[in-house]
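# Descriptive analysis of the structure
So the chains spell out like this:
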Amino acid sequence: SQQGEEDPQALSIQEGENATMNCSYKTSINNLQWYRQNSGRGLVHLILIRSNEREKHSGRLRVTLDTSKKSSSLLITASRAADTASYFCATAGANSKLTFGKGITLSVRP
Amino acid sequence: DAGVTQSPTHLIKTRGQQVTLRCSPISGHKSVSWYQQVLGQGPQFIFQYYEKEERGRGNFPDRFSARQFPNYSSELNVNALLLGDSALYLCASRQSGSSGNTIYFGEGSWLTVV
């Protein structure tokens, strides 16, 4: 079963705009990780945020975590055509396995 | 440094056959996990190994098995293949068995069962 639920399922924006993707989960977590996947290739790790953290930044990425609402968001600023991909949030509990959502398809129009 | 490497990249098998997929973790990583990703879905956890011992198993039938070798590489075996086993199989590695580390994925092995 999949714990994470990403929202929206698909997002289409113009190059230069910001993209915000949301993820909700059901059980307590140790950390939450965001991944990018290009067209059926492997998963590229973007950022990890621990349960005691509220916000993290990495380049054009900003991730927030609200454990009281069991939700996280990924913001990509100044999007580029190369950001076109599927994005997944994955939660890790004490048993260390990752539980993924169904993913968000982001299309960035040049 | 090389990332997580998987082989083969693509393969086609017939129903009822057996398949072995291979994975080499990032150098220094002792934990390897396997995930199955069916088209249009997120990856599903199959197995985790740490220091050659199974540390977790997902909701998959006994046709799925895995092992980890002394050099920390791993194999995933699937017996009696079904059409529904067609998927991208992803291997992931992390430095230790704890849940606090970043998990890195390989490019995956595309399995098509016909």
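From a predicted model like this one, the values you see are computed outputs, not experimental measurements. (Residues numbered from 1 in each chain as written. Chains lettered and ligands numbered in written order. Predicted model: local features only at pLDDT ≥ 70, side-chain atom pairs only at ≥ 80, totals over all residues. Heavy atoms only, no water.)

### Notes on unusual backbone geometry
At the junction of Asp7 of chain A and Pro8 of chain A, the peptide bond is cis and its omega measures out at -5° in the coordinates. Relative to the helices and strands, Pro8 of chain A resides in the loop between strand S1 (5-7) and strand S2 (10-14). A cis amide bond, omega -10°, links Ser7 of chain B with the succeeding residue Pro8 of chain B. The topology assignment puts Pro8 of chain B in the loop between strand S1 (5-7) and strand S2 (10-13). (Helix = DSSP H or I, 4+ residues; strand = E, 2+ residues; numbered from the N terminus.)

### Some words on the confidence of the model for chain A
Regions with low pLDDT should not have their predicted coordinates read in detail. Of the residues in chain A, 95% reach a pLDDT of 70 or more, and the chain-wide mean stands at 92. At the level of individual helices and strands, chain A shows its lowest average pLDDT in S1 of chain A, which scores 80, and its highest in strand S7 (residues 61-66) of chain A, which scores 98. (pLDDT = per-residue confidence, 0-100.)

### Re the sheet that holds strand S3 (residues 19-24) of chain B
All names here are of chain B. Taken in spatial order, the four strands line up as S1-S3-S8-S7 in an open sheet, and their pairing is antiparallel. Strands with a single pairing partner mark the edges of an open sheet, and in this sheet they are S1 and strand S7 (64-68). Going across the sheet, the axis of each strand differs from the next one's by a mean of 15°, ignoring polarity. With five bridges connecting them, S7 and strand S8 (residues 74-78) associate as antiparallel partners. What sits directly across from Ser65, in S8, is Asn77. (Pairing = 2+ DSSP bridges. Axes fitted to C-alpha atoms, helices over the stretch in contact; angles between N-to-C directions.)

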